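Geometric and topological summary
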Amino acid sequence: MNRQTKKEPGLIYVIQKHLASRLHYDLRLEENGVLKSWALPKEPPTTGAEKRLAVEVEDHPLGYEDFEGSIPEGEYGAGRVEIWDRGTYQPLHRDQDLREILIQGKKLRGVYTLVRIKDRRQGKENLWLFFRNKNQEKAGLKNEKNSNRKSREKIK
Ligand code: MN
């Protein structure tokens, strides 16, 4: 990581692999002083455009992105937690049903989308889809106005 990369503003991004009763991946994004969290039942997509289910779960406090270790038997989420990927992200678009983000991790890099699934029958509002945008360049262009050349290159 060079100095210029370090200086770029970035919010916390982490994915913790959680070997609980059911293996899942906890995606956490810093938003307004907390870590917004989604549990993904399947491995997050690193290159392809496959859409993954993401279940919105409770916010976690800042600092939890560093946690690795074992949650003891009998406690909620008992099992091993390990950091699967981490880095920073930049929000490109955010509203209550949609996040478009530029992830700069080690495994996940590029523009990703989280979109809430509307399920009127069930009335559930905690189900989302998480995927890597098919067209990385097009998606990245939205952010070009207030971005420099260096971050454009990263999007490709
Ligand atoms: Mn978990």
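Use the structure listed above.
What counts as what
Residues numbered from 1 in each chain as written. Predicted model: local features only at pLDDT ≥ 70, side-chain atom pairs only at ≥ 80, totals over all residues. Helix = DSSP H or I, 4+ residues; strand = E, 2+ residues; numbered from the N terminus. Buried ≥ 20, exposed ≤ 12 C-beta atoms within 10 Å, placed from the backbone. Contact = placed C-beta atoms within 7 Å.

**Concerning unusual backbone geometry**
Located in the positive-phi region is asparagine 32, a residue other than glycine, with phi close to 50°. Structurally, asparagine 32 can be placed in the loop between strand S2 (23-31) and strand S3 (34-40).

**Focus: the environment of lysine 134**
When you line up the elements, lysine 134 lands in the loop between strand S9 (127-132) and helix H2 (136-141). Under the C-beta neighbour-count criterion, lysine 134 is labelled exposed, with 11 such atoms within 10 Å. Sequence separation between lysine 134 and glutamate 50 is 84 residues, and the spatial gap between their C-alpha atoms is 9.3 Å.

**Re the environment of glutamate 56**
Along the chain, the position of glutamate 56 falls in strand S4 (residues 52-61). Sequence spacing of glutamate 56 and arginine 28 is 28 residues, and the spatial spacing of their C-alpha atoms is 10.0 Å. Excluding residues within four positions of it along the chain, glutamate 56 makes contact with Trp38, Asn126 and Trp128.

**Focus on the environment of asparagine 126**
By secondary structure assignment, the location of asparagine 126 is in the loop between strand S8 (109-116) and S9. For the pair formed by asparagine 126 and arginine 116, sequence separation is 10 residues and the distance between their alpha carbons is 7.4 Å. If sequence neighbours within four positions are ignored, asparagine 126 has contacts with Val55 and Glu56.

Geometric values such as these leave the question of function open.
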